[in-house]
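# Coordinate inspection notes
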Amino acid sequence: VISFINDTRREIYTLPYDFPFLQIEGEIIGVGDVTAGTVEPGTDKSEVTGSSTAWTTAMSGRYLSIADTPWQQVIYASDGTHLTLSNTWQDTTGSGKSYKIQKRLYAIPPIISKLDSIKDVANNRFLDHFDYYEFQARFKEEHLSGQPEAYSTLNKRNIGLEHLDSAVFTVTSTANSSILDFASGSGLTTALSPGSRLVVGDSTTSTAFYVESIITSSRVSLNGKVDVSLAATSATAQNTNLLYIRFHPNPSTSRIFVFTGKKRLFDLFSEDDLIEDEWYTAIKNGAIAKCLEYINSEKWTIKSQEYQSSVSNLIRNFARHDPFPRLKPLILRRYTEEDRSSDTV
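This section reports on the structure supplied with the text. (Residues numbered from 1 in each chain as written. Predicted model: local features only at pLDDT ≥ 70, side-chain atom pairs only at ≥ 80, totals over all residues. Heavy atoms only, no water.)

## Quick look at the sheet that holds strand E3 (residues 38-41)
- Spatially, the 6 strands line up as an open sheet ordered E3-E4-E7-E6-E5-E8, and their pairing is antiparallel. The sheet is open, and its two edges are formed by E3 and strand E8 (99-102), each paired on a single side. Taking each pair of neighbouring strands and ignoring which way they run, the sheet shows an average axis angle of 40°.
- Bridge count between E3 and strand E4 (residues 47-51): 4 bridges; the pairing is antiparallel. The residue of E4 that forms the bridge with Pro 41 is Val 48. (Pairing = 2+ DSSP bridges. Helix = DSSP H or I, 4+ residues; strand = E, 2+ residues; numbered from the N terminus. Axes fitted to C-alpha atoms, helices over the stretch in contact; angles between N-to-C directions.)

What follows is the structure, encoded as structure tokens:
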């Protein structure tokens, strides 16, 4: 029965209509280039040593250029003055060299399945959106910094394995409770967000949940109940299917961007999970129709018609046709504006 319900919910969710209760808004904090201090790279080494630098683990995954040399990705920062690169350093060496560390990719919370718009708050304007391939074709100066004018959405298929991030926490639970407590100082609020997948337990007895909400810096609510009491148990967080965005040019300073998007749909797992109020009638009719079809009942055709009718009512009462702006096409201009206005064209 739960499978029939989830199948119906997914059908409704994928309709090309805008349901207002699926819309969500949030903020992205753009990060400017890090340039404080100087660096000393070593020949044929992947380590870079800094002087008067204050690097943090947030530098992991960013890109480094030393004295305008080609960019290399930072694997991690072991402390405030040491970085490890993805490849060994092959360029000139020496101390006191200037550098830039640039953040290029920004993860959107996993509860978001699609971005509709991004607004630069400081300049009170919306950024242009380009798909991944068009973005790559138009904007090749990857090192540029300034006031972003455009963005592209990316997924992990585009950005490589190094961004398949996960984190391991120590958690405690009470039997038959959906509340999970984390060890203090675990960095919970920066590592997880609603929609993150959380695997509780070891490799042989683990159970997977989704994070429903972040209650405090050490407590979350899950989409299901943990069956038993746990103490100091391992929990692996996986931010799967995340959307990432890329700005052009990269922000030169820290700035706020406000985004609007569409909530991701997560399957229901038990009778305790809630069905969307607005969709209830349509989901009920659809689930019954699928069940009747499954058992080869002659009544499934009638119930299927009721389902289609209830979906039509749902669209009529709650939905607007797809309002998302079309992507800007990458089309070479064949004619000038003067040619275009000519009667001979």
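## Here we look at unusual backbone geometry
- Of note, the bond from His 248 into Pro 249 is cis; its omega dihedral lies within 30 degrees of zero at -15°.
- Relative to the elements of secondary structure, Pro 249 occurs in the loop between strand E21 (244-248) and strand E22 (250-251).
- With a phi close to 50°, Asn 124 is a non-glycine residue in the positive phi region.
- With respect to the secondary-structure elements, Asn 124 resides in the loop between strand E10 (112-120) and strand E11 (125-126).
- With a phi angle near 50°, Ala 232 is a residue other than glycine that sits in the positive phi range.
- Counting through the fold element by element, Ala 232 comes out in strand E20 (residues 230-238).

## So, the packing of helix H5 (residues 280-294) against helix H6 (residues 300-318)
- Interhelical geometry of H5 versus H6 gives an angle of 160° and a closest axis separation of 8 Å. The angle between H5 and H6 falls in the class roughly antiparallel. Between H5 and H6 the crossing geometry is left-handed. On H6, the residues that touch Thr 281, Ala 282, Asn 285, Gly 286, Ile 288, Ala 289, Leu 292 and Glu 293 of H5 are Trp 300, Lys 303, Ser 304, Glu 306, Tyr 307, Ser 310, Val 311 and Leu 314.
- Across the contact of H5 with H6, the residue classes break down as 8 nonpolar, 5 polar and 3 charged. (Parallel < 35°, antiparallel > 145°, perpendicular 65-115°, else oblique. Left-handed = near helix turned anticlockwise from the far one by under 90°. Contact = heavy atoms within 4.5 Å. Nonpolar A, V, L, I, M, F, W, Y, C, P; charged D, E, K, R; others polar.)

## Structural notes on the pattern of salt bridges
- For the structure on display, the rule yields 8 salt bridges.
- Asp 7 is paired through a salt bridge with Arg 10; the nearest N and O atoms lie 2.4 Å apart. Residue Asp 7 and its partner Arg 10 are located together in helix H1 (residues 2-13), separated by 3 residues, close to a single helical turn.
- Asp 120 serves as the salt-bridge partner of Arg 255, at 3.2 Å between the closest nitrogen and oxygen. Here Asp 120 lies in strand E10 and Arg 255 lies in strand E23 (residues 255-263), a separation of 135 residues in the sequence.
- The class of Asp 120 is buried, set by a relative accessible area of 0%.
- Beyond isolated ion pairs, a larger network of salt bridges with shared partners links Asp 7, Arg 10 and Asp 267. (Salt bridge = Lys/Arg side-chain N within 4 Å of Asp/Glu carboxyl O. Buried < 20%, exposed > 50% of the residue type's maximum accessible area, 1.4 Å probe, protein only.)

## Things to note about the side chain of Asn 223
- The residue Asn 223 is located in strand E19 (residues 219-226) in this model.
- Residue classification places Asn 223 among the buried positions, given a relative accessible area of 10%.
- Within the structure, the side chain of Asn 223 is placed 2.9 Å from the backbone nitrogen of Tyr 210, a separation counted as a polar contact. (Polar contact = N/O pair within 3.5 Å; in protein donor to acceptor, adjacent residues only side chain to side chain.)

## What about the packing of H1 against H5?
- Two elements in contact, H1 and H5, have axes whose closest approach is 8 Å; the angle formed by their N-to-C orientations is 125°. The pairing of H1 with H5 is recorded here as oblique in orientation. Read as a crossing pair, H1 and H5 show a hand that is right-handed. Every residue of H5 that contacts H1 at Phe 4, Ile 5, Asp 7, Thr 8, Arg 9, Glu 11 and Ile 12 is listed here: Ala 282, Ile 283, Gly 286, Ala 287, Lys 290, Cys 291 and Tyr 294.
- Considering only residue class, the contact of H1 with H5 consists of 8 nonpolar, 2 polar and 4 charged.

## So, H5
- With 15 residues, H5 extends 21 Å from end C-alpha to end C-alpha; this agrees with the ideal 21 Å at 1.5 Å per step.
- Among the residues making up H5, those that are buried are Ala 282, Ile 283, Asn 285, Gly 286, Ala 287, Ala 289, Lys 290 and Leu 292.
- Close packing links the buried residues of H5 with H1 and H6.
- Remark: Asn 296 follows H5 within two positions and exhibits a positive phi of approximately 60°. (Expected span 1.5 Å × (residues − 1).)

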